[in-house]
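Next come the chains, spelled out residue by residue.
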Amino acid sequence: VDHQKADWVSIHERICQLLIPIRTSLPCLLSEKERKHGMEQLVKRQKYIIELAYSAAQEFVLDGKHKEAMPAALHALRFSTEVYGSNSVQLVPAYLLLAEASTGVGRLPEASKYLSQAQWIVLRTPDCSVAVQYKLHRSLGLFSAAEGNFEQALYHLANDIYLASSTFGLKSIETSGGYFHMANVFFRQNKMDIANSLYAEVTDIWHAFLMKSVQAQEQILKSQPETSPFTEDKEVSEDRMTEARQAEAIRVLNAVLDIREQAPKRQPGETARVLHALAMLYYLITDLSKAREVGMKAFDLVKQLPRQESLEAIGHLLNLIHSKPS
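Residues numbered from 1 in each chain as written. Predicted model: local features only at pLDDT ≥ 70, side-chain atom pairs only at ≥ 80, totals over all residues. Heavy atoms only, no water.

A.B. asks: Just checking my understanding: could you explain the overall build of the chain for this structure?
C.D. replies: Regarding its fold elements, the chain presents 14 helices and zero strands. Going from N to C terminus, the chain has its helices and strands arranged as α-α-α-α-α-α-α-α-α-α-α-α-α-α. When contacts within the chain are restricted to residue pairs at least 6 apart in sequence, long-range pairs at least 24 apart make up 63% of them. When the accessible surface of the chain is summed, it comes to about 17,800 Å², and 53% of that surface belongs to carbon and sulfur atoms. (Helix = DSSP H or I, 4+ residues; strand = E, 2+ residues; numbered from the N terminus. Contact = heavy atoms within 4.5 Å. Areas by Shrake-Rupley, 256 points an atom, 1.4 Å probe, with all protein chains shown as cover.)

A.B. asks: Even after reading the chapter, I still don't get helix α7 (residues 150–168), so can you show me in this structure?
C.D. replies: Quick reminder: α-helices carry 3.6 residues per turn. Residues three or four places apart thus point the same way. Its 19 residues give α7 an end-to-end C-alpha distance of 26 Å, which sits within 8% of 27 Å, the value for a rise of 1.5 Å per residue. For α7, the complete set of buried residues consists of Phe 150, Ala 153, Leu 154, His 156, Leu 157, Asp 160, Ile 161, Leu 163, Ala 164 and Ser 165. Its buried side turned inward, α7 meets α6 (130–147) and α8 (173–188). Phi turns positive, to about 110 degrees, at Gly 169, one or two residues after α7. (Expected span 1.5 Å × (residues − 1). Buried < 20%, exposed > 50% of the residue type's maximum accessible area, 1.4 Å probe, protein only.)

A.B. asks: Sorry if this is basic, but what is going on with the nonpolar core here?
C.D. replies: Soluble, globular proteins show a tendency: their nonpolar side chains are buried together. In this structure, Trp 206, Leu 210, Leu 278 and Tyr 283 are the most contacted members of the largest nonpolar core, which totals 52 residues. Tallying contributions element by element places helix α12 (residues 268–284) first for this core, with eleven residues. In terms of nonpolar packing, the next biggest core, distinct from the first, is built from 31 residues, Ala 72, Ala 73, Leu 115 and Leu 140 among them. (Core = buried A, V, L, I, M, F, W, Y, C linked by side-chain atoms within 4.5 Å.)

A.B. asks: Whenever I open this one, the packing of α6 against α8 confuses me. Can you help?
C.D. replies: The relative placement of two packed helices is expressed as an angle between their axes plus a distance between the axes. One way to put it is that α6 packs onto α8 with a least axis distance of 11 Å and a crossing angle of 15 degrees. As far as their axial angle goes, α8 and α6 are roughly parallel. In terms of crossing hand, the pair formed by α6 and α8 is left-handed. Across the interface between the two elements, Tyr 134, Arg 138, Leu 142, Ala 145 and Ala 146 of α6 pack against Glu 174, Thr 175, Gly 177, Gly 178, His 181, Val 185 and Arg 188 of α8. Taken together, the residues of the contact of α6 with α8 sort by class into five nonpolar, four polar and three charged. (Axes fitted to C-alpha atoms, helices over the stretch in contact; angles between N-to-C directions. Parallel < 35°, antiparallel > 145°, perpendicular 65-115°, else oblique. Left-handed = near helix turned anticlockwise from the far one by under 90°. Nonpolar A, V, L, I, M, F, W, Y, C, P; charged D, E, K, R; others polar.)

A.B. asks: Which parts of the structure should I look at to understand the layout of surface pockets?
C.D. replies: Empty space among the atoms becomes apparent when a probe as large as a water molecule is rolled across them. By volume, the largest pocket amounts to about 700 Å³. The wall of the largest pocket is formed by 28 residues, among which Tyr 54, Gln 58, Tyr 134, Lys 135 and Arg 138 lie closest to the centre. At the level of secondary structure, the elements contributing two or more residues to the lining of the largest pocket comprise α2 (32–62), α4 (92–104), α6, α8 and α11 (243–262). Per element, the largest residue contribution to the lining of the largest pocket is seven residues, and it comes from α6. (1 Å grid on protein atoms, 1.4 Å probe; cavity = no way out; pocket = protein on both sides within 12 Å on 5 of 7 lines; lining within 4 Å. Points joined across faces, edges and corners; volume = space filled by probe spheres on them.)

A.B. asks: I would appreciate a short explanation of the pattern of salt bridges in the present structure.
C.D. replies: If the charged atoms of two oppositely charged side chains come close together, the side chains can form a pair. In this structure the tally under the stated criterion is seven salt bridges. When the shortest N-O distance is used, the salt bridge between Lys 303 and Asp 300 registers 3.9 Å. Here Lys 303 and its partner Asp 300 are both found in helix α13 (residues 288–303), three residues apart, which amounts to about one turn of the helix. (Salt bridge = Lys/Arg side-chain N within 4 Å of Asp/Glu carboxyl O.)

A.B. asks: Help me understand the environment of Ala 313, please; the structure alone is not making it clear to me.
C.D. replies: Structurally, the position occupied by Ala 313 is in helix α14 (residues 311–323). Counting along the chain gives 102 residues from Ala 313 to Met 211, while the straight-line C-alpha distance between them is 9.4 Å. Setting aside anything within four residues of it in sequence, one finds Ala 313 in contact with Met 211 and His 276.

A.B. asks: What am I meant to see in the packing of aromatic side chains here?
C.D. replies: Geometry of an aromatic ring pair is reported as the spacing of the ring centres plus the angle between the planes. Enumeration over the complete set of coordinates arrives at four aromatic pairs. Ring centres of Trp 206 and Phe 209 lie 5.8 Å apart, and the angle between their planes is 90 degrees; this geometry places the pair in the edge-to-face category. Placement of both Trp 206 and Phe 209 in helix α9 (residues 192–223) is noted, with a separation of three residues, approximately one turn of the helix. The class of Phe 209 is partly exposed, set by a relative accessible area of 23%. (Phe/Tyr/Trp six-rings, centres within 6.5 Å; stacked < 30°, edge-to-face > 60°.)

And the structure:
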């Protein structure tokens, strides 16, 4: 019963009706053309469920809800196996999610098995994409850190950063994840100078990304001054971040903020930068009360600094927050 409830909460409620046509056998008396069309429709439905289940599991993992992620990730793996076969590189993302979720709930032997499966598939796929390889190294790094093997964790996270930056760029959101996890390892080793420099890099990457996103949204709103608020939201939503990226941003930036605020040696400039990034994030996801609260904290902090370069940008953001319809 507990497993059924967990499955329902994780993914089953979303895909219950979608499973009915998949589990219904094709009639025997069909022409070859009809049977071929039926199989194409079946694969199409299975791929849709894979995407849905994977996205749900990813969101749970990014929210820190590792237990809830497990059933959704297992559905993604099962249907991926049915569609692509048991040795396909298409299975690797589901294995990595299962490994991260298992690590999160403390089931390290299970996580090790999932990682071994993913690693074996990548090793026997010569043309495996860099996007898959950097995610594998990140998962191996997180697993090593959970085991307390920090040197091995740093080795894998260094590979993660190298591969991600070679494909997406040094200042990309994809690369920032490696910096963040590496900073956490140095933090746990009490190597605060290195950790702080990496946390600053993570903050800068998200700050630049969110600044561009706010500017893009502002341009869209300016170009349609006579549009109703409801239409504006519809238009702007096309330029918003994915839910998984929103969850990642909230988790990462709040974690960095906690570290900045609890550090024995305060760095008000860095703290203000994280607060500014968070205010932009909450504005973009239309959590205006939080955006206002965090934005005001950033504004008040910057006013106390000798150099107040970001004061104008934060003030402009606060004006945008106040002018946006609730």
